[in-house]
Amino acid sequence: VLKTSQKLAEGLKLNYGEAYPSLASNETFQVEVMGEVEPVEVTESYLAEIISARIKHIFEQIKQELERRHLLDLPGGIVLIGGNAILPGIVELAQEVFGVGVKLYVPNQVGIRNPAFAHVISLSEFAGQLTEVHLLAQRAVKGEDTLRHQPINFGGMIQRVTQVAQPTPIQPVQNTEVEQSASTNVVAPKEDKVSSQNKPKIADRFRGLIGSMFDE
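First things first, this report covers the structure right here in the doc. The model shown is predicted, which means the values in this text are computed figures rather than measured ones.

Conventions used here
- Residues numbered from 1 in each chain as written.
- Predicted model: local features only at pLDDT ≥ 70, side-chain atom pairs only at ≥ 80, totals over all residues.
- Heavy atoms only, no water.
- Phe/Tyr/Trp six-rings, centres within 6.5 Å; stacked < 30°, edge-to-face > 60°.
- Helix = DSSP H or I, 4+ residues; strand = E, 2+ residues; numbered from the N terminus.
- Buried < 20%, exposed > 50% of the residue type's maximum accessible area, 1.4 Å probe, protein only.
- Lys, Arg positive; Asp, Glu negative; His and termini not counted.
- Salt bridge = Lys/Arg side-chain N within 4 Å of Asp/Glu carboxyl O.
- Contact = heavy atoms within 4.5 Å.
- Axes fitted to C-alpha atoms, helices over the stretch in contact; angles between N-to-C directions.
- Parallel < 35°, antiparallel > 145°, perpendicular 65-115°, else oblique.
- Left-handed = near helix turned anticlockwise from the far one by under 90°.
- Pairing = 2+ DSSP bridges.
- Expected span 1.5 Å × (residues − 1).
- 1 Å grid on protein atoms, 1.4 Å probe; cavity = no way out; pocket = protein on both sides within 12 Å on 5 of 7 lines; lining within 4 Å.
- Points joined across faces, edges and corners; volume = space filled by probe spheres on them.
- Nonpolar A, V, L, I, M, F, W, Y, C, P; charged D, E, K, R; others polar.

## What about the packing of aromatic side chains?
Right, on to step 1. Considering all chains together, one arrives at 2 aromatic pairs under this definition.
Right, on to step 2. Residues F59 and F98 carry aromatic rings whose centres are separated by 5.4 Å and whose planes lie at 50 degrees to one another, so their mutual orientation is tilted. Residue F59 is located in helix 2 (residues 44-68), and its partner F98 is located in helix 3 (residues 90-98); the two are separated by 39 residues in the primary sequence.
Right, on to step 3. Classification of F59 by relative accessible area gives buried; the value is 8%.

## A look at the side chain of E44
Right, on to step 1. Looking at the element boundaries, E44 is found in helix 2.
Right, on to step 2. One buried charged side chain, E44, makes no salt bridge at all; its nearest oppositely charged neighbour is K13, positioned 16 Å away.
Right, on to step 3. Excluding its chain neighbours within four sequence positions, the residues that come into contact with E44 are Y16, A24, S25, E27 and F29.

## Structural notes on the packing of helix 2 against helix 3
Right, on to step 1. Where helix 2 meets helix 3, the axes come as close as 10 Å, and the angle between the chain directions of the two elements is 45 degrees. The angle between the axes of helix 2 and helix 3 places the two elements in the oblique class. The hand of the helix 2/helix 3 crossing is right-handed. Contacts from S52, I55, K56, F59, E60, I62, K63 and L66 in helix 2 reach I90, L93, A94, E96, V97 and F98 in helix 3.

## Observations concerning the pairing of strand 1 (residues 28-31)
Right, on to step 1. Alternating residues of strand 1 divide into F29 and V31, all buried, and T28 and Q30, none buried.
Right, on to step 2. Of the strand pairs in this sheet, strand 1 and strand 2 (residues 40-43) are connected by 4 bridges, and their pairing is antiparallel. Bridge assignment links Q30 to a residue of strand 2, and that residue is E41.

## A short note on helix 2
Right, on to step 1. The end-to-end C-alpha distance of helix 2 is 36 Å, a good match for the 36 Å that 25 residues give at a rise of 1.5 Å each.
Right, on to step 2. Listed as buried for helix 2 are E44, S45, L47, A48, I50, I51, S52, I55, F59 and L66.
Right, on to step 3. Positive phi appears at H70, one or two residues downstream of helix 2, with a value of about 60 degrees.

## As for the layout of surface pockets
It is the rolling of a water-molecule-sized probe over the atoms that shows where space remains empty.
Right, on to step 1. The volume enclosed by the largest pocket comes to roughly 610 Å³.
Right, on to step 2. Lining the largest pocket are 27 residues, and of these K13, I51, R54, I55 and N84 lie nearest its centre.
Right, on to step 3. Those elements that place two or more of their residues in the lining of the largest pocket are helix 1 (6-16), helix 2, strand 3 (78-80) and helix 3.
Right, on to step 4. Tallying contributions element by element places helix 2 first for the lining of the largest pocket, with 8 residues.
Right, on to step 5. Among the residues making up the lining of the largest pocket, the classes are represented as 19 nonpolar, 4 polar and 4 charged.

Put into structure tokens, the structure is as follows:
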């Protein structure tokens, strides 16, 4: 509506925005509009009307879904969280649309006491409180038939872990290997003895060959 950039519009909402027009003032501020050379002055009440129309449309869609499920009949009312929940007047606008009690939730954690962090904090706390039974139930609901129809055999898992953890026993050395090594040690000197006996015969033959050459 203001014909400005999305980044600038987000800054205007956070700095000057009101969710309930009747609570907004008539103070003016300047807005850089696309296609205009000079900034345009806008009142806070006019900006509140723009913001209120968008948020009211979202609330009405949520209300239709809650009424279809009969959730507005619950006594707890509605709790607002998220970044837009910090807008002044949003609680009053929600009460007007839903017709039930509405309150704003602010986290108690130091450094993140802002409704914008409420969703992340709630999911983290919920996940931290889940047990193994809850996780198995969620997997079964999501369609994992192996978990739905076949229970987990924890005894078999423990047995497999025990088998892996046991060390492999060392096999004793057989006597045949000792006998083979002993026989090898006995045979080796015989080969040396035979080779030493053959050495003189080879030398004699060599001397005889040389001598025959000179005799001729």
